[in-house]
Amino acid sequence: MKQTITLLSCLFTVGLCSQSVNAQAQQTSKTPPEIVRSSCYMCHSTHGNNPDLAFIPRLAAQNSTYIEEQLMAFRDGSRADPPATIYMWPIAQGLSGDQIKQTAAWFAAQSPPKPFQPDSSASEGREIFLKGVLKADVPACASCHGPKADGNGIFPRLASQNAQYLLAQLRYFRSGVRNDKNADIMKQIALHLTDSQMSAVANYLSTL
Ligand code: HEC
Ligand code: HEC
């Protein structure tokens, strides 16, 4: 409850919150758990597995390479969807290269989050994940993200991620507003998926 209140007061006074978070991260010589506790936990939770709001991604067990790439993309402004600009840009500005590496390693080392319950679109989502959409030239998601969707290197883990977050990202790739280094790979895929296919595959991924 206390965490929810901190988070909500943060979200309602975003500028303020981001600035104080930013200032805290800039203090040097903090250990990774200290950086996470002062600058990340109020949105991502300390172990990256249980945010209160569905548009905030789970970071537990995410690949460290991918996390580093994204923090640099928030820092250089190439990942420019609205939640990124509002919440992550100010925070990433306050992180040094070393802190990016340390927080990425911290979240990558946490246990994977618990999956969500399947809904009625699960079987359609599973089909897209394992086989793609042949007619629309969409390759199987599993071919890059791995058969268990646990990712590797630049390919993010998608398993047990919040469905609403995943769906939003597919739309940001499609519109081009998420335009970081490797985003074009996903843009070509997102352009060929319908909204209902996006929703089905996002829901399925959250259950893995
Ligand atoms: C005020 C809330 C807030 C705080 C504090 C915060 N984040 Fe975030 N973070 C978000 C939101 C919202 C997103 C989703 C951005 C989007 O939709 O593009 C996000 C996205 C991310 C992503 C991208 C994940 C992915 O799957 O692509 C990473 C990595 C990340 N945050 C790391 C951190 C780290 C490390 C810290 C602490 C140094 C931190 N965040 C602090 C709200 C926050
Ligand atoms: C050819 C390889 C490839 C295939 C196939 C692929 N992806 Fe991706 N995907 C990527 C890469 C690379 C990224 C990271 C993009 C970046 O860094 O911005 C990514 C990122 C994502 C993200 C953002 C995750 C996050 O945490 O923000 C989602 C969602 C996603 N992919 C869903 C899918 C779905 C659904 C499919 C199948 C329909 C799919 N991907 C197929 C390569 C692929």
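Residues numbered from 1 in each chain as written. Chains lettered and ligands numbered in written order. Predicted model: local features only at pLDDT ≥ 70, side-chain atom pairs only at ≥ 80, totals over all residues.

*Asks:* Quick rundown of unusual backbone geometry? Include the residues and the values.
*Replies:* Even without being glycine, S45 reaches a positive phi, approximately 70°. Mapped onto the elements of the fold, S45 is located in the loop between α4 (41-44) and α5 (64-76). Residue D137 is not a glycine yet carries a positive backbone phi of 60°. For D137, the position within the fold is in the loop between α8 (122-131) and α9 (142-145). (Helix = DSSP H or I, 4+ residues; strand = E, 2+ residues; numbered from the N terminus.)

*Asks:* Residue-level account of α5, with values.
*Replies:* Counted at 1.5 Å a residue, the expected span for α5 with its 13 residues is 18 Å, and the 18 Å between its end C-alpha atoms agrees. Every buried residue belonging to α5 is among Y66, I67, Q70, L71, A73 and F74, and all of these are buried. The buried residues of α5 occupy an angular sector of 160° when projected down its axis, which confines them to one face. Buried residues along α5 sit in contact with α6 (82-93) and α7 (97-108). One or two steps after α5, the chain reaches G77, where phi turns positive at roughly 80°. (Expected span 1.5 Å × (residues − 1). Buried ≥ 20, exposed ≤ 12 C-beta atoms within 10 Å, placed from the backbone. Arc of directions from axis to C-beta. Contact = placed C-beta atoms within 7 Å.)

*Asks:* Could you give an account of the site of ligand 2, with specific residues and numbers?
*Replies:* The environment of ligand 2 is formed by 23 residues, the closest being P139, C141, C144, N182 and A183. The greatest single-element share of the shell around ligand 2, amounting to 4 residues, is contributed by helix α11 (residues 183-190). When grouped by side-chain class, the residues that make up the shell around ligand 2 number 17 nonpolar, 4 polar and 2 charged. (Near = placed C-beta within 6 Å. Nonpolar A, V, L, I, M, F, W, Y, C, P; charged D, E, K, R; others polar.)

*Asks:* How would you summarise the site of ligand 1 if you had to cite specific residues and measurements?
*Replies:* Taken together, 27 residues sit near ligand 1, with C40, C43, P83, A84 and Y87 positioned nearest. Elements represented by at least two residues in the shell around ligand 1 include exactly α2 (14-26), α3 (32-39), α4, α5 and α6. Residues of the shell around ligand 1, tallied by class, amount to 22 nonpolar, 4 polar and 1 charged.

*Asks:* Got a sec to walk through the confidence of the model for the chain? Specific residues and values, please.
*Replies:* Within the chain, residue pLDDT values average 89, and 86% of them lie at 70 or more. This stretch, residues 12-20, has a pLDDT under 50; its non-local contacts, to residues over four places away or in other chains, come to 6 contacts. (pLDDT = per-residue confidence, 0-100.)

*Asks:* Give a description of the packing of α3 against α7 that names residues and reports values.
*Replies:* Packing of α3 against α7 leaves a shortest axis separation of 9 Å and a crossing angle of 90°. In terms of orientation, α3 lies roughly perpendicular with respect to α7. Together, P32, P33, I35 and V36 of α3 and Q99, Q102, T103, A105 and W106 of α7 make up the contact between the two elements. Per-class residue counts for the contact of α3 with α7 are 6 nonpolar, 3 polar and no charged. (Axes fitted to C-alpha atoms, helices over the stretch in contact; angles between N-to-C directions. Parallel < 35°, antiparallel > 145°, perpendicular 65-115°, else oblique.)

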